[in-house]
Amino acid sequence: PTLQTGSLFKFKRTLRMATQQNARGQLSGSAALQGYLAQTCARLNTSTGMDDNFLREKVMPQIIESIIRLSKGAPSEKREEIQHILTEHGLLPDCKADIARLGDALRC
């Protein structure tokens, strides 16, 4: 199954908006990361029929990149915890997770 065009557009737009909000300084620190995770989970929960290849090749790398960027200012213990969660759920090192494991990792 493939992601419907409208759902794909909305999913990408939400990810971009969450990233842009943080880049403009509208959110800071853990609030930015929590807001991004909440928006990402909401999009994942409303997405239907996402193609596994698209998920692994496009969506997961963007999500991981954003999580890493948004957590750069966090204490090292928190960054290590995030790294562990992403690795444990198959997002790192090579995005082998399915959408259910991605949701579990993001705690959707």
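Please refer to the structure placed before this passage.
Nothing here was measured: the structure is a model prediction, and the numbers come from that model.

Participant: So what about the nonpolar core? Which residues, and what values?
Facilitator: Residues Met60, Ile63, Ile67, Leu91, Leu102 and Leu106 are the most contacted members of the largest nonpolar core, which totals 24 residues. Going through the elements one at a time, α2 (29-46), α3 (52-70), α4 (76-88) and α5 (99-106) are the ones with two or more residues in this core. Excluding its chain neighbours within four sequence positions, the residues that come into contact with leucine 102 are Leu44, Leu55, Met60, Ile63, Leu91 and Ala97.

Participant: Explain the environment of leucine 102 to me, and be specific about the residues and the numbers.
Facilitator: Within the secondary structure, leucine 102 is located in helix α5. Residue classification places leucine 102 among the buried residues on the basis of a relative accessible area of 0%.

Participant: Tell me about the pattern of salt bridges, residues and numbers included.
Facilitator: Should the charged atoms of two oppositely charged side chains come close, the side chains can pair. Per the counting criterion, the structure on display carries two salt bridges. Residue glutamate 81 pairs with lysine 78 through a salt bridge whose shortest N-O separation is 3.4 Å. Placement of the pair is glutamate 81 and lysine 78 together in helix α4, with a separation of three residues, close to one helical turn. Owing to a relative accessible area of 34%, glutamate 81 belongs among the partly exposed residues under this scheme. Measuring nitrogen to oxygen at the nearest pair gives 3.8 Å for the salt bridge that ties aspartate 94 to lysine 96. A relative accessible area of 43% places aspartate 94 in the partly exposed class. For lysine 96, a relative accessible area of 58% translates into the label exposed.

Participant: Just give me the short version of the side chain of serine 71, but keep the residues and values in it.
Facilitator: Along the chain, serine 71 falls in the loop between α3 and α4. A polar side-chain atom of serine 71 sits 2.9 Å from the main-chain carbonyl oxygen of isoleucine 67. Looking at serine 71, its side chain comes within polar contact range of the main-chain oxygen of isoleucine 68, at 3.2 Å.

Participant: Go over α2 with me, naming the residues and quoting the values.
Facilitator: Compared with the 26 Å implied by 1.5 Å per residue over 18 residues, the 27 Å span of α2 between its first and last C-alpha is a close match. Considered for burial, the residues of α2 that qualify are Ala32, Leu33, Tyr36, Thr40, Cys41, Arg43 and Leu44. For α2, the angular spread of buried residues about the axis comes to 165°, placing them on one side. Facing away from the buried side of α2, by more than 90 degrees, are the exposed residues Ser30, Gln34 and Asn45.

Here is what the cut-offs are and how they apply
- Residues numbered from 1 in each chain as written.
- Predicted model: local features only at pLDDT ≥ 70, side-chain atom pairs only at ≥ 80, totals over all residues.
- Heavy atoms only, no water.
- Core = buried A, V, L, I, M, F, W, Y, C linked by side-chain atoms within 4.5 Å.
- Buried < 20%, exposed > 50% of the residue type's maximum accessible area, 1.4 Å probe, protein only.
- Helix = DSSP H or I, 4+ residues; strand = E, 2+ residues; numbered from the N terminus.
- Contact = heavy atoms within 4.5 Å.
- Salt bridge = Lys/Arg side-chain N within 4 Å of Asp/Glu carboxyl O.
- Polar contact = N/O pair within 3.5 Å; in protein donor to acceptor, adjacent residues only side chain to side chain.
- Expected span 1.5 Å × (residues − 1).
- Arc of directions from axis to C-beta.

Everything listed here is a matter of geometry and, on its own, says nothing about what the molecule does.
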